[in-house]
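Tertiary structure, described
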Amino acid sequence: MRPSLGVLLAAIVGAGLDAVDCSTAAESDQTGWVTLFNGKDLSGWITGPDSHWVVEDGTIALKRPPDGKEHNGDYLWTKESYGDFVLELEFKVPPRANSGVFLRTSDLGDPVYTGIEVQIANSYGAQGTNRGGTAGAIYDCLAPSENAIRRPGDWNQLRVTCQGSKIEVVLNGQRVIDMDLDRWTEPRKNPDGTPNKFPRAMKDFARRGHIGLQDHGLPVWYRNLRIRPLDAADLRR
């Protein structure tokens, strides 16, 4: 029997969001965490032909001249693909911001329709939440339960757990998403009857793929990215 999501989270919670850092190789070996960003360069990442991602002061920063457009060919992608995992990172956004963390993306040439996006945006101070512009949303599918983002310019801690059909998002210590993809049974429709943009039911999205950082033509910073694989195929690598 596969362990439940709750059991797995309980096993790792001791690491805590505050403990997110650029793990050493020894720490990765002992705890199962794998560092995705070494704080120095973009080793281990796939960049697009016009990439404007740079490394500065130990962070991954998007330095494209701001245009607010989707640059789908220039997302930043992990070279490895992942199935079940816990992903932790920190991000910072300015007052005007739009980005996303993409999960299990199966086609890097078509990320918007083959990946699951955790919204990264400046929604600080906004009343209510929505599935488009609130930080922590699963874009166009599920609004977060809380608007948990911090002030523009402050660092935010994000933890995403994917296990089978379940996706959990914790933003700054608050669980804001508890999603079961198997409830999304129809194309272009959410379980509550609202429309979404996806021509394929979310339950049919790939359960393994690349993790990506979206280039939406606006500044964003990421640091302390690490992943803990949970499925046997990844643990054997």
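Each remark here, short or long, concerns the structure printed above.
Because the structure is predicted, anything quoted here is derived from the model rather than measured.

1. Examining the overall build of the chain
Each helix and strand in the chain was counted, giving 4 helices and 13 strands. The proportion of buried residues among the 237 residues of the chain is 50%. Put simply, of all contacts in the chain between residues at least 6 apart along the chain, 65% involve residues at least 24 apart. Counting only carbon and sulfur atoms, one obtains 48% of the accessible surface of the chain, whose full area is about 10400 Å².

2. Points about the packing of aromatic side chains
Overall, the coordinates contain 7 aromatic pairs when judged by the stated rule. Where Tyr 82 meets Phe 85, the ring centres are 6.4 Å apart and the plane angle is 70 degrees; that geometry is what we call edge-to-face. Of the two residues, Tyr 82 and Phe 85, neither departs from the other in class, the shared state being buried. Measuring from centroid to centroid gives 6.3 Å for Tyr 113 and Phe 198, while their planes differ by 75 degrees, and the two rings are edge-to-face. Here the residue Tyr 113 occupies a position in helix 3 (residues 111-114), and Phe 198 occupies one in the loop between strand 11 (174-180) and strand 12 (209-213), the gap between them amounting to 85 residues.

3. Notes on the pairing of strand 10 (residues 166-171)
In terms of burial, strand 10 is largely enclosed, as 5 of its 6 residues are buried. Inspection of the sheet shows strand 9 (residues 156-163) paired to strand 10 by 6 bridges, in the antiparallel sense. Among the inter-strand pairings, Cys 162 is bridged to a residue of strand 10, identified as Ile 167. Between strand 9 and strand 10, which pair antiparallel in sequence order, lie 2 residues; one of them, Gly 164, sits at a positive phi of approximately 60 degrees.

4. Considerations on the sheet that holds strand 8 (residues 116-121)
Think of a sheet as strands paired side by side through backbone hydrogen bonds, with each pair either parallel or antiparallel. Strand order in this open sheet of 5 strands is 2-5-12-7-8, and the pairing throughout is antiparallel. Where the open sheet ends on each side, the last strands, each with one partner, are strand 2 (45-46) and strand 8. One ladder, built from 4 bridges, connects strand 5 (residues 76-82) with strand 12; its direction is antiparallel. Across the sheet, Leu 76 pairs through a bridge with Leu 213, a residue of strand 12.

Rules used throughout
Residues numbered from 1 in each chain as written. Predicted model: local features only at pLDDT ≥ 70, side-chain atom pairs only at ≥ 80, totals over all residues. Heavy atoms only, no water. Helix = DSSP H or I, 4+ residues; strand = E, 2+ residues; numbered from the N terminus. Buried < 20%, exposed > 50% of the residue type's maximum accessible area, 1.4 Å probe, protein only. Contact = heavy atoms within 4.5 Å. Areas by Shrake-Rupley, 256 points an atom, 1.4 Å probe, with all protein chains shown as cover. Phe/Tyr/Trp six-rings, centres within 6.5 Å; stacked < 30°, edge-to-face > 60°. Pairing = 2+ DSSP bridges.

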